[in-house]
Amino acid sequence: MNSFIEELKWRGLFADMMPGTDEQLNKEVTTAYIGFDPTADSLHIGSLIQIKILAHFQQHGHKPIALVGGATGMIGDPSGKSAERNLLDEETLLHYVDCLKNQLSRFLDFAGNEPNKAELVNNYDWMKNISFLDFAKNIGKNITVNYMMAKDSVKKRFSGDGSADGMSFTEFTYQLIQGYDFLHLYQNNNVKLQMGGSDQWGNITTGTELIRRKAQGEAFALTVPLITKADGSKFGKSESGENYWLDKKKTSPYKFYQFWLNATDEDAERFIKFYTFLGKEEIEALVEEHKTAPHERKLQRKLAEEVTVWVHGREEYEKALKASEILFGRSTAEDLVSLDEEIFLEVFDGVPQKEVAKADVLGINIIDLLSEKSGFLKSKSEAQREMKGNSISVNKQKVNDTFTANETDLIDGKFLLLQKGKKSYFIVKVI
């Protein structure tokens, strides 16, 4: 069996392939592509598997092409959708295309003169000059409506399993346009394989059929499973339904790191195979080590490290790690003070805060600061009682009743973190 397919199988990233795919990959350096529709100005972690498949493909000596769907993005892929997407205006779409091109260039090797260096293409470049009549005459006549209706992405929308409105002609043509992409890349870029999620099987095989009928050629399909959590719930969204984006302006590296760190044991064991480039023996050793001391969460920590470094780089990972350790008490006051405002407020998201004049914070006795100046504690007597019980901390460090804050105690020059016991926090914002 081809080494690339073996890699996918042991990682649990193989769903299906057309007969002959294995032989094609063993025969020669093969060019394959995966499409990414520009539905936003960033990809999210739902796209990481597709990116990783292309990266593995390149590491095994083959040539990957990442297609950004400037044309197909105008229509919207009906696969896995119960309702039609809102269409984007051209200016927004082209902006999204540029953003995705920049993002994808971080994950694949586009440099050098190697025969398997990666390429980026945009299907709008070859679709923009094709008229509707030309497309209908030269492409549409090669695929029957019966063939298109048999695809799962179409059948589900017409069988009541989805939108009561069925499917527009616009979405119905999506598989033909994606099929034409494959034909164009087959004829112009020597692409012989299209890969994607298992929900893309119908669209991909429409392409292989079009290549067979229109170009009398042979092309292949390979799909990977759609990723869910071990409990069957949707992967890649927060509890409130928000996406975790690959752009740090939309999802901070700290939140990104926390997402992977909070994986269950069962998910971490699957995800470390899916989302890292660690080898089989190293992963198996990690899994066994984790089972002997699951409370240490070594598997989750390694998973979070590997994926965060891959997506955001080592420096951003180190910042996220420092912030995480602050939250769980494995850090110094200096670490906390060095945090910038954005990360600090993310670490202590939801903690009540109050703006207090600088003159009422710096140089003020801690008892007064805890009570009448900040309102964190109800009275001086409560503050004194908690102080005697040794339960008061400032910036995660225990203090006594002689403590007064100064300029060097301020986090990013403007915050002071008060704490009672282990879990009761309060943020003073100095103005």
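Before reading on, note that the structure itself is shown above.
The rules we used
Residues numbered from 1 in each chain as written. Predicted model: local features only at pLDDT ≥ 70, side-chain atom pairs only at ≥ 80, totals over all residues. Heavy atoms only, no water. Helix = DSSP H or I, 4+ residues; strand = E, 2+ residues; numbered from the N terminus. Buried < 20%, exposed > 50% of the residue type's maximum accessible area, 1.4 Å probe, protein only. Contact = heavy atoms within 4.5 Å. Areas by Shrake-Rupley, 256 points an atom, 1.4 Å probe, with all protein chains shown as cover. Salt bridge = Lys/Arg side-chain N within 4 Å of Asp/Glu carboxyl O. Polar contact = N/O pair within 3.5 Å; in protein donor to acceptor, adjacent residues only side chain to side chain. Pairing = 2+ DSSP bridges. Axes fitted to C-alpha atoms, helices over the stretch in contact; angles between N-to-C directions. Parallel < 35°, antiparallel > 145°, perpendicular 65-115°, else oblique. Left-handed = near helix turned anticlockwise from the far one by under 90°. Nonpolar A, V, L, I, M, F, W, Y, C, P; charged D, E, K, R; others polar. Phe/Tyr/Trp six-rings, centres within 6.5 Å; stacked < 30°, edge-to-face > 60°. Arc of directions from axis to C-beta. Core = buried A, V, L, I, M, F, W, Y, C linked by side-chain atoms within 4.5 Å. Domains from an automatic or database assignment.

Asks: Where do I start with the overall build of the protein chain in this structure?
Replies: Within the protein chain, the secondary structure is distributed over 20 helices and 11 strands. Among the 431 residues that make up the protein chain, the fraction classed as buried is 49%. Here the analysis covers contacts within the protein chain between residues at least 6 apart in sequence; of these, 73% occur between residues at least 24 apart. In the form shown here, the protein chain has an accessible surface area of approximately 20400 Å², with 47% of it arising from carbon and sulfur atoms.

Asks: Just to check I follow, could you spell out the pattern of salt bridges for this structure?
Replies: Pairing of side chains with opposite charge becomes possible as their charged atoms draw close. For the structure shown, the criterion picks out 20 salt bridges. Measuring nitrogen to oxygen at the nearest pair gives 3.2 Å for the salt bridge that ties Glu306 to Lys302. With a gap of four residues between them, Glu306 and Lys302 both fall in helix H15 (residues 298-312), about one helical turn apart. You can call Glu306 partly exposed: its relative accessible area is 23%. Across the salt bridge formed by Glu316 and Lys319, the nearest N and O atoms sit 4.0 Å from each other. Taken together, the residues Glu316 and Lys319, both in helix H16 (residues 314-327) and three residues apart, mark about one turn of the helix.

Asks: It is not clear to me how helix H19 (residues 366-373) should be interpreted in this structure. Could you clarify?
Replies: An α-helical turn contains 3.6 residues, so a residue and the one three or four places further along point in the same direction. The buried fraction of H19 is high, at six of eight residues. Looking only at H19, the buried set comprises Ile366, Ile367, Asp368, Leu369, Leu370 and Ser371. On its buried face, H19 is in contact with helix H20 (380-388), strand S8 (392-394) and strand S10 (415-420). If you check the start of H19, you find a side-chain oxygen 2.9 Å away from the backbone N of Ile367, and it comes from Asn365. Where H19 terminates, the next one or two residues include Gly375, which has phi positive at roughly 80°.

Asks: It is not clear to me how the sheet that holds strand S2 (residues 31-36) should be interpreted in this structure. Could you clarify?
Replies: Pairing between the strands of a sheet is mediated by backbone hydrogen bonds and can be parallel or antiparallel. Taken in spatial order, the six strands of this open sheet run S1-S6-S5-S2-S3-S4, and their pairing is mixed. Pairing within the sheet leaves two strands with one partner each, and these edge strands are strand S1 (16-17) and strand S4 (119-122). One ladder, built from three bridges, connects S2 with strand S5 (residues 191-197); its direction is parallel. Each residue of the ladder has a partner; that of Tyr33, found in S5, is Gln194. Against the sheet, helix H4 (residues 90-104) contacts S2, strand S3 (63-68) and S4, and its axis sits at roughly 155° relative to S3.

Asks: I'm lost on the packing of helix H13 (residues 265-275) against helix H14 (residues 280-292) in this one. Help?
Replies: Any two packed helices are characterised by the angle at which their axes cross and by the distance between the axes. One can describe the packing of H13 onto H14 by two numbers: an axis separation of 10 Å at closest approach and a directional angle of 165°. The angle between the axes of H13 and H14 places the two elements in the roughly antiparallel class. H14 is crossed by H13, and the crossing has right-handed handedness. Contact residues: H13 offers Asp265, Glu269, Ile272 and Lys273, while H14 offers Ile283, Leu286, Val287, His290 and Lys291. For the contact of H13 with H14, the per-class residue count stands at four nonpolar, one polar and four charged.

Asks: Help me out: how do you make sense of the packing of aromatic side chains in this one?
Replies: We describe a pair of aromatic rings using the distance from one ring centre to the other and the angle between the two ring planes. The full count for this structure, using the stated rule, is 16 aromatic pairs. Seen in terms of ring centroids, Trp260 and Phe271 are 6.2 Å apart; in terms of plane orientation they differ by 85°. Their pairing is edge-to-face. With Trp260 in helix H12 (residues 253-261) and Phe271 in helix H13, the pair connects residues that are 11 residues apart, well separated along the chain. Per residue, the accessibility class of Trp260 equals that of Phe271, and both read buried.

Asks: Please clarify how helix H1 (residues 3-11) should be interpreted in this entry.
Replies: Buried within H1 are the following residues: Phe4, Ile5, Glu7, Leu8 and Arg11. Take H1 and look down its axis: the buried residues cluster within an arc of 155°, on one side only. Where H1 starts, the residue carrying a side-chain oxygen 2.9 Å from the main-chain nitrogen of Phe4 turns out to be Asn2. Two residues or fewer after H1 comes Gly12, characterised by a positive phi angle close to 80°.

Asks: Before we go on, may I ask you to explain the nonpolar core in this structure?
Replies: The nonpolar side chains of a soluble globular protein tend to be buried, and buried together. Within the largest apolar cluster, 58 residues are counted, with the highest numbers of intra-cluster contacts made by Leu48, Met195, Trp260 and Tyr275. Mapping this core onto the domain boundaries places at least three of its residues in each of domain 1 (3-224) and domain 2 (253-329). Membership of the second largest hydrophobic core comes to 23 residues, among which are Leu67, Met127, Leu210 and Ala221.

Asks: Can you help me understand the environment of Lys354 in this one?
Replies: Following the sequence through the fold, Lys354 ends up in strand S7 (residues 353-356). With near-sequence residues (within four places) excluded, Lys354 lies in contact with Lys373, Ser374, Phe426, Ile427, Val428 and Lys429.

Asks: Help me out: how do you make sense of the sheet that holds S7 in this one?
Replies: Strand order in this open sheet of five strands is S7-S11-S10-S8-S9, and the pairing throughout is mixed. One side of each edge strand has no neighbouring strand; the edge strands of this open sheet are S7 and strand S9 (397-398). As judged from the six bridges shared by S10 and strand S11 (residues 424-430), these two strands associate in the antiparallel manner. If you follow Leu418 over to S11, its bridge partner there is Phe426.

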